[in-house]
Amino acid sequence: MNTVRILAVDDHEMTALGYKYILEDSEFADFNVKVEIATNFDQGKSKIEMSKRAVPYDVILLDIQLFSPESKDPRTGIDLGMVARKEVPKSKVVFMSSYSDNYRINNIFKTVNPDGYMVKSEIDEMSLKTMVETIVNDSPYYTASALSAIRRRMSTDIVIDEQDQKILYHLSQGIHTRDIAPLIGSANTTVEARKRQLKALFDVKNGNDLALINEAKTRGFL
């Protein structure tokens, strides 16, 4: 039988080991599974680069947050996904994350375009096995929350640029307009102007910021 080689990258070793034990103990019709684990960004990057020179992984499972907030290291699983896309383009990339908000999921699809996305709260033994079976047959796999985020975004004909997306995100985090400008490298007047345009675009011209945020969430932008 063929062996499907999987790399699981998660800063929580027990989580990565859980994926390993569940998948290696699962019965698949046409193949066996071998899972290697990495518990930090550098270890994951090294294994991906080494696989390029030997046998690339069939599937790479990536957590998004690979460092504790205290470490101040900005690198994430998204950066590692971009490394995988460049170094081993034939490897399937699946994100395994606790993040289920539309903003993060849609941003990942823009930057990495993964083959799958699983929200950790929706992962169990059956979904893990189904994900592998689906991915190795060249079909994408998403858990319910991820699929909902993708569908909401696809159902709207509104298009906004990256700066507008960042403004919406920071507003949704409770950040005041005057404090958003330095975060996105713009002037306060520019942020205010973009906010007015967004309210017009989302048809909340007479609404406050909360109305804009709620409409953006409804349409899948947050």
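Residues numbered from 1 in each chain as written. Predicted model: local features only at pLDDT ≥ 70, side-chain atom pairs only at ≥ 80, totals over all residues. Heavy atoms only, no water.

## A few points about the UniProt feature "modified residue: 4-aspartylphosphate" (unreviewed entry) in the protein chain
Residues given the UniProt feature "modified residue: 4-aspartylphosphate" (unreviewed entry) here are D63. For D63, the position within the fold is in the loop between β3 (59–62) and α3 (77–87). Once residues lying within four places of it in the same chain are set aside, the contact partners of D63 are V9, D10, D11, G77, M96, S97 and K120. (UniProt positions renumbered as here; feature names shortened; annotations may be inferred. Helix = DSSP H or I, 4+ residues; strand = E, 2+ residues; numbered from the N terminus. Contact = heavy atoms within 4.5 Å.)

## Structural notes on α3
For α3, the set of buried residues is G77, I78, L80, G81, V83, A84 and E87. The elements touched by buried residues of α3 are β1 (2–9), α2 (41–53), β3, β4 (92–97) and α4 (102–111). N-capping of α3 is provided by T76, with a side-chain oxygen placed 3.1 Å from the backbone N of I78. (Buried < 20%, exposed > 50% of the residue type's maximum accessible area, 1.4 Å probe, protein only. Polar contact = N/O pair within 3.5 Å; in protein donor to acceptor, adjacent residues only side chain to side chain.)

## Here we look at the layout of surface pockets
The volume enclosed by the largest pocket comes to roughly 430 Å³. Secondary-structure elements contributing two or more residues to the lining of the largest pocket are α3 and α4. Top contributing element to the lining of the largest pocket by residue count: α4, with five residues. Class assignment of the residues belonging to the lining of the largest pocket gives a composition of 10 nonpolar, six polar and five charged. (1 Å grid on protein atoms, 1.4 Å probe; cavity = no way out; pocket = protein on both sides within 12 Å on 5 of 7 lines; lining within 4 Å. Points joined across faces, edges and corners; volume = space filled by probe spheres on them. Nonpolar A, V, L, I, M, F, W, Y, C, P; charged D, E, K, R; others polar.)

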